[in-house]
Amino acid sequence: MDSTSTGWNDIYLPEMATLLRSEPMTADERFFECKLDSGKELGHMPGQFVEVSVLGIGEAPFSISSSPTQTGSFQMVVRNVGNVTHAMHGLKSGDKIGIRGPFGTHFPVEDEMRGKDIVFICGGLGRVPVRSAINYVLDNRDDYGEVTILYGTKSPAERLFLDEVEAIVSKENVKYLETVDRGDEEWTGNVGVITTLMTDMMVDPRKTVAVICGPPVMFKFAIMSLYKMGMVDKNIFVSLERHMKCGVGKCGHCQIDGLYVCQDGPVFRFADIAEVQEAIQ
Amino acid sequence: MTKATNLRLDYDVTILPPKSFFQPQNETLLSFQRGKGYRSVIETEPFLLLGVHPYDMVAITQMDEIFSQGNGDVHYVSRRQNATIVVVDVENVSPDVFAGHMGTYKVEEGWDVLLTKVADQYLVESKTERGAALMSSLADVPDADQGWLEMRQLVWERNKGRLRRHELEAEPSTWPDLLEEAYDHPIWEEKAKLCFSCGSCNLVCPTCYCFDVRDEVHWDLVSGERFRVWDGCMLVNFAKVSGNLNFRKDEAARYRHRYYRKGKYVPSKIGGQIACVGCGRCITACVAKIANPVEVFNRLAGGR
Ligand SMILES: Cc1cc2nc3c(=O)[nH]c(=O)nc-3n(C[C@H](O)[C@H](O)[C@H](O)COP(=O)(O)OP(=O)(O)OC[C@H]3O[C@@H](n4cnc5c(N)ncnc54)[C@H](O)[C@@H]3O)c2cc1C
Ligand code: SF4
Ligand code: SF4
Ligand code: FES
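**Remarks on the site of ligand 1**
Taken together, 22 residues are adjacent to ligand 1, and Pro61(A), Val77(A), Arg79(A), Thr85(A) and Met244(A) come closest. The site occupied by ligand 1 is bordered by residues of chains A and B. Within the contact set of ligand 1, a nitrogen atom lies 2.7 Å away from a backbone nitrogen or oxygen of Val77(A). Within the side chain of Thr85(A), one N or O atom sits 2.6 Å away from an oxygen atom of ligand 1. Burial of ligand 1 by the protein chains amounts to 86% of its free accessible area of 870 Å². Those elements that place two or more of their residues in the shell around ligand 1 are strand S4 (58–63), strand S5 (74–79) and helix H1 (83–89) of chain A together with strand S9 (240–241) of chain B. Among the elements that take part in the shell around ligand 1, S4(A) stands out by supplying 4 residues, more than any other. Of the residues belonging to the shell around ligand 1, the class tally is 12 nonpolar, 6 polar and 4 charged.

**Looking at the interface of chain A and chain B**
Counting residues at the interface gives 43 residues for chain A, matched by 53 residues for chain B. The largest per-residue losses of area from chain A upon contact with chain B belong to Tyr12(A), Leu55(A) and Lys250(A), which jointly make up 18% of the total buried on that side. If you look at where chain A meets chain B, you find 3 salt bridges. Among the salt bridges present, the one from Lys245(A) reaches Asp212(B), with a minimum N-O distance of 3.4 Å. Taken together, chain A and chain B are joined by 24 residue pairs in polar contact (both at pLDDT 80 or more). Mapped onto the side of chain A that touches chain B, the elements with two or more residues apiece are strand S3 (49–54), S4 and helix H5 (261–264) of chain A.

**Description of the pattern of salt bridges**
All names here are of chain B. This model, assessed by the stated rule, comprises 29 salt bridges over all chains. The residue Glu 125 makes a salt bridge to Arg 152 at a minimum N-O spacing of 2.7 Å. Taken together, the residues span a long stretch of sequence, with Glu 125 in strand S6 (residues 121–126) and Arg 152 in helix H5 (residues 146–162) at a distance of 27 residues. Exposure remark for Glu 125: the relative accessible area of 28% places this residue in the partly exposed category.

**Quick notes on the site of ligand 2**
In the vicinity of ligand 2, the contacting residues are Phe98(B), Cys205(B), Pro206(B), Arg258(B), Cys276(B), Val277(B), Gly278(B), Cys279(B), Gly280(B) and Cys282(B). A per-class count over the shell around ligand 2 returns 7 nonpolar, 2 polar and 1 charged.

**Here's the deal with helix H9 (residues 251–269) of chain B**
Residue and element names in this part refer to chain B. Look at H9: 25 Å from first C-alpha to last across 19 residues, which is about the 27 Å you get at 1.5 Å a residue. In H9, a bend of some 60 degrees at Arg 261 exceeds every other bend along the element. Across the 19 residues of H9, 16 count as buried, placing the element largely inside the fold. In the segment just after H9, Gly 271 is the residue with positive phi, at about 65 degrees.

**A short note on a nonpolar patch on the surface**
All names here are of chain B. A contiguous nonpolar patch, built from Leu 7, Leu 48, Leu 50 and Leu 134 and spanning about 300 Å² of accessible area, is present on the exposed surface. The residue Leu 48 is located in strand S3 (residues 47–52) in this model. For Leu 48, a relative accessible area of 44% corresponds to the partly exposed category.

**Details of the layout of surface pockets**
Residue and element names in this part refer to chain B. In this structure, the second largest pocket encloses a volume near 800 Å³. The wall of the second largest pocket is formed by 25 residues, among which Leu 115, Tyr 122, Leu 123, Val 124 and Leu 138 lie closest to the centre. Secondary structure elements with two or more residues in the lining of the second largest pocket: S3, strand S5 (113–118), S6 and helix H4 (129–136). At 4 residues, S6 tops the list of elements feeding residues into the lining of the second largest pocket. Each residue belonging to the lining of the second largest pocket can be placed in one class, and the counts come to 18 nonpolar, 2 polar and 5 charged.

**Some details on the packing of aromatic side chains**
Inspection of the entire model under this criterion finds 16 aromatic pairs over all chains. Through a chain of ring-to-ring contacts, three or more aromatic side chains come together here, namely Trp175(B), Tyr183(B), Trp188(B), Tyr255(B), Tyr259(B), Tyr260(B), Tyr265(B) and Phe297(B). Over the aromatic face of Phe247(B) sits the side chain of Arg242(A), whose NZ or CZ is 3.6 Å from the ring centroid.

**What to know about the domain arrangement of chain A**
Residue and element names in this part refer to chain A. According to the domain assignment, chain A contains domain 1 (15–103) and domain 2 (117–280). In this structure, domain 1 and domain 2 have C-alpha centres spaced 21 Å apart. Of the residues lining the interface, 23 residues belong to domain 1; the matching set on domain 2 comes to 23 residues. Summed over the three residues of domain 1 that lose the most area to domain 2, namely Phe 49, Ser 65 and Thr 69, the buried surface amounts to 23% of that side. For the interface between domain 1 and domain 2, the tally reads 0 salt bridges. Residue assignment for the side of domain 1 that touches domain 2 shows that the elements contributing at least two residues are strand S2 (29–36), S3, S4, S5 and strand S6 (96–103). Here the residues of the side of domain 1 that touches domain 2 sort into 9 nonpolar, 9 polar and 5 charged.

Scoring rules and cut-offs
Residues numbered from 1 in each chain as written. Chains lettered and ligands numbered in written order. Predicted model: local features only at pLDDT ≥ 70, side-chain atom pairs only at ≥ 80, totals over all residues. Heavy atoms only, no water. Near = heavy atom within 4 Å. Polar contact = N/O pair within 3.5 Å; in protein donor to acceptor, adjacent residues only side chain to side chain. Areas by Shrake-Rupley, 256 points an atom, 1.4 Å probe, with all protein chains shown as cover. Helix = DSSP H or I, 4+ residues; strand = E, 2+ residues; numbered from the N terminus. Nonpolar A, V, L, I, M, F, W, Y, C, P; charged D, E, K, R; others polar. Contact = heavy atoms within 4.5 Å. Buried area = accessible area lost by both parts, 1.4 Å probe. Salt bridge = Lys/Arg side-chain N within 4 Å of Asp/Glu carboxyl O. Buried < 20%, exposed > 50% of the residue type's maximum accessible area, 1.4 Å probe, protein only. Expected span 1.5 Å × (residues − 1). Bend = angle between axes of the 7 residues up to and from the residue. Patch = residues over 30% accessible without salt bridge, like charges linked within 9 Å, V, L, I, M, F, W, Y side chains within 5 Å. 1 Å grid on protein atoms, 1.4 Å probe; cavity = no way out; pocket = protein on both sides within 12 Å on 5 of 7 lines; lining within 4 Å. Points joined across faces, edges and corners; volume = space filled by probe spheres on them. Phe/Tyr/Trp six-rings, centres within 6.5 Å; stacked < 30°, edge-to-face > 60°. Lys NZ or Arg CZ within 6 Å of the ring centre and 35° of its normal. Domains from an automatic or database assignment.

As structure tokens, this is what we get:
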């Protein structure tokens, strides 16, 4: 006889979802839209992530790229780097995946960001989770002040969501600025790291919130540029990446100091981690 | 074992801690089948763990807290609920134990039955219903009188003094504060220079519980299992992410991380309890002879 009586749900058990769309975006990134088979909404907030299972291959964490204002399905963008991501690139619409989550903290779209001017700073794949917040803000345009979106990639070919730029800039009081580390023959835009977009920028530090997500090297420099504009740690939110396995605060992989990035993050108020060793390199 | 007389309760320390009974080295979490999805696998039946040492019992109660807090882990907790634990006070002192310094030379809670060898006899105390049920199966045993209880007290006092193969000068309660100031201490580099990143110190530690999760497909290619295996923060790839980026790429960063887990990070999650119980297994297991927590914390207490 098994004398257990927890009555708990299994935190490791995925629920099934069906892919509605699976489309290539760039050479390495693929776009997915899916829907839980239960018919329920995922119920996420911008900045959260899910653990995706591919049957027989494994599980990996991915940011949710769509805004909860878009109901009925949710979206992800996956870069092909290894086992699970490679298998995902082979999936087509109609195929099944397993989903756990949503997990983690989110951008404070309903709290600190409301009523404020917002600067979104995204580098590379960092655009994926930030897109969820951008879309949320633009879908509730009246609740926020000026919006500035800064987007940096290594090359023009790596830029994501180009087809959405027109809709973004057509909204009132929205600025969208791009830069690339290296241009190509056709590129006529900015060249240089993302902070080059910030040199002449002016914000009102008292009513501005900044959101940053990108490769680890980017944070320090982006934050220094924000300091120059007079911004302070409590109005800066960062989304960090770490190796994650369980997503629920058990496996130990994502730890920095006393924090589990999967639970206490991935979105942190910078003031809360500015002094934490190993958080920002 | 076929005969009770073959039972040896005087062993000094087991090579692996009892964590393997609650979080097996290789543990199936889910099964899956193409077209059907995933199903929880909770494989456990009632079992008796006989002869657990007090320091290991303390580690088990710490793991109980870790796995049941927040998002409870039904796999761990189910195994734990199925366990009846008989703790035995230490008879023979192992080569590297320092439980006498850590307050873990005896243990008040977590167990069902406690055995203490007193003058060639075992004093038996039960704490729980399960323990009482076990004890009721003992025929014709006299109740211990005050004299026996005092002798048991002496065994504990003696163990407190004996289980000190390494002299700890830094009170365990000071460890979190010592670490607060020690992030840039030279000791991490100095010791880690000799580290092989073999992970043995993680493997043998009763309070190391980090894990990796993997999938395995059966030969039929339609079904399989998802299982978890022990992982260790001393292993090179533990904090690696894609793009060839490793958040703890250097030995010293990993070496330091392990001590911060024992003395600061995990304690902050379990009400301040220090997540080293002084079993000394890591000291014995480390071929480079650098894994001794006593040396590290003595040094931190002594300044640079
Ligand atoms: C909160 C969060 C959000 C993320 N969002 C996205 C996203 O929106 N799009 C995207 O493409 N990627 C995202 N990632 C990264 C993605 O999880 C990893 O690329 C993925 O886990 C690699 O799995 P794999 O099986 O394909 O690679 P593997 O074959 O396992 O290994 C490839 C490389 O990835 C590293 N790695 C393995 N497992 C993990 C892990 N669990 N976490 C991080 N690195 C790992 C390995 O060390 C190795 O260097 C996110 C990661 C986190 C933590
Ligand atoms: S750190 Fe070493 S002495 Fe402390 S509990 Fe772990 S194995 Fe035992
Ligand atoms: S047992 Fe010793 S050599 Fe091996 S990882 Fe631990 S400290 Fe390094
Ligand atoms: S991913 Fe397992 S603890 Fe955070």
